[in-house]
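# Remarks on the overall topology
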Amino acid sequence: MARIGIIGSEGRMGHAIAEAIAAAGEDLSGGVDRDGDIGALAAHSDVLIDFSNPVALEANLDAAVDAGIPIVVGTTGLEERHHWLIDSAAQHIPVLQTGNTSLGVTLLAHLVREAASKLGVDWDIEIVETHHRMKVDAPSGTALLLGEAAAKGREVSLSNAAVRARDGITGRRESGTIGFAALRGGTVAGDHTVHFLGDNERLSFSHLAENRTIFAKGAVKAAQWLKDKPAGRYTMPEVLDL
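Calculation notes
Residues numbered from 1 in each chain as written. Predicted model: local features only at pLDDT ≥ 70, side-chain atom pairs only at ≥ 80, totals over all residues. Heavy atoms only, no water. Salt bridge = Lys/Arg side-chain N within 4 Å of Asp/Glu carboxyl O. Helix = DSSP H or I, 4+ residues; strand = E, 2+ residues; numbered from the N terminus. Buried < 20%, exposed > 50% of the residue type's maximum accessible area, 1.4 Å probe, protein only. Pairing = 2+ DSSP bridges. Contact = heavy atoms within 4.5 Å. Axes fitted to C-alpha atoms, helices over the stretch in contact; angles between N-to-C directions. Polar contact = N/O pair within 3.5 Å; in protein donor to acceptor, adjacent residues only side chain to side chain. Parallel < 35°, antiparallel > 145°, perpendicular 65-115°, else oblique. Left-handed = near helix turned anticlockwise from the far one by under 90°. Nonpolar A, V, L, I, M, F, W, Y, C, P; charged D, E, K, R; others polar.

A few words now on the pattern of salt bridges. For the structure on display, the rule yields nine salt bridges. We note a salt bridge from arginine 3 to aspartate 46, for which the minimum N-O separation is 3.1 Å. Of this pair, arginine 3 sits in strand 1 (residues 3-7) while aspartate 46 sits in the loop between helix 2 (38-43) and strand 3 (47-50); the two residues are 43 residues apart in sequence, bridging distant segments of the chain. A relative accessible area of 32% places arginine 3 in the partly exposed class. A salt bridge links glutamate 58 to arginine 81, with the shortest nitrogen-to-oxygen separation between them at 2.6 Å. Taken together, the residues glutamate 58 in helix 3 (residues 57-67) and arginine 81 in helix 4 (residues 80-89) connect sequence positions 23 residues apart. Since its relative accessible area comes to 33%, glutamate 58 is described here as partly exposed. Look at arginine 81 and you get partly exposed, because its relative accessible area is 48%.

Written out as structure tokens, the structure reads:
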């Protein structure tokens, strides 16, 4: 039985993860939130799951490294500096970072990468995501994850190919770009569609999240998988052996 600690335990995802830990037959070692003692939680845990805030990531990684335990990072809104911190921590402990812990989204990203590789730049790629009105970052971590999958399929950098906003006289669409559109409203847990638009035909891949429990279950599965791995940076596709 693994002792799993939750960072961001009082949020909606934190509560869902606590239920998923119990359902999986693992032990909830505790939880912390803002100003909580992350070091004490890490000392009494076998693995941590972080769904808190990018501002807290450095301290959370430091606590995991000091305790010598793995950490699953599901926090979104990360910037280049945060990925540098994750790379640094991964030299000492196992770290799995993802924009989405859903097993369905993980498989979706795999299919998107394959489609982008096979169809080529003659097919335009547009990613549309919808989330609840309280979400503060856009595009979502999942949309960016899917964009990265498409970019890898084309063997290009997403930072060079991405188009995140269109307004006014934008001119015609540039070949090879990957577009993003974000919708916000209601209580939508998370809907994502990747459109491949060719001449006279279209292909779309969609994932609709009906409840946050799918992310919680995936996060716990990732924590179970990560628990005995050597130091390094890991991804959700590895959890599914993709």
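The next thing to look at is the sheet that holds strand 6 (residues 124-131). Judged by pairing direction, the sheet is mixed, and its five strands sit side by side in the order 7-8-6-9-10 without closing on themselves. Of all strands in the sheet, those with a lone pairing partner are strand 7 (162-163) and strand 10 (201-209), marking the two edges. Running at roughly 165 degrees to strand 10, helix 5 (residues 103-119) makes contact with strand 6, strand 9 (190-198) and strand 10 of the sheet.

Right, let's talk about the pairing of strand 9 for a bit. Two elements, strand 6 and strand 9, share seven bridges in a ladder whose sense is antiparallel. Its bridge partner lying in strand 9, aspartate 124 is registered against leucine 197. Connecting strand 9 to the next strand, strand 10, in antiparallel fashion are two residues, including asparagine 200 with a positive phi near 70 degrees.

So, on to the side chain of lysine 135. Position of lysine 135 relative to the elements: it lies in the loop between strand 6 and helix 6 (141-154). Residue classification places lysine 135 among the buried residues on the basis of a relative accessible area of 18%. Looking at lysine 135, its side chain comes within polar contact range of the side chain of aspartate 137, at 3.2 Å. When residues no more than four places from it in sequence are discounted, the contact partners of lysine 135 are Thr76, Ser140 and Arg184.

The next thing to look at is the packing of helix 5 against helix 6. Packing of helix 5 against helix 6 brings their axes to within 7 Å, and their N-to-C directions diverge by 30 degrees. As the angle between them shows, helix 5 and helix 6 are arranged roughly parallel. When the axes of helix 5 and helix 6 are compared, the crossing they make is right-handed. Two secondary-structure elements touch here, helix 5 through Val105, Leu108, Ala109, Val112, Arg113, Ala116 and Ser117 and helix 6 through Thr142, Leu145, Leu146, Ala149, Ala150, Lys152, Gly153 and Arg154. Partitioning the contact of helix 5 with helix 6 into residue classes produces nine nonpolar, three polar and three charged.

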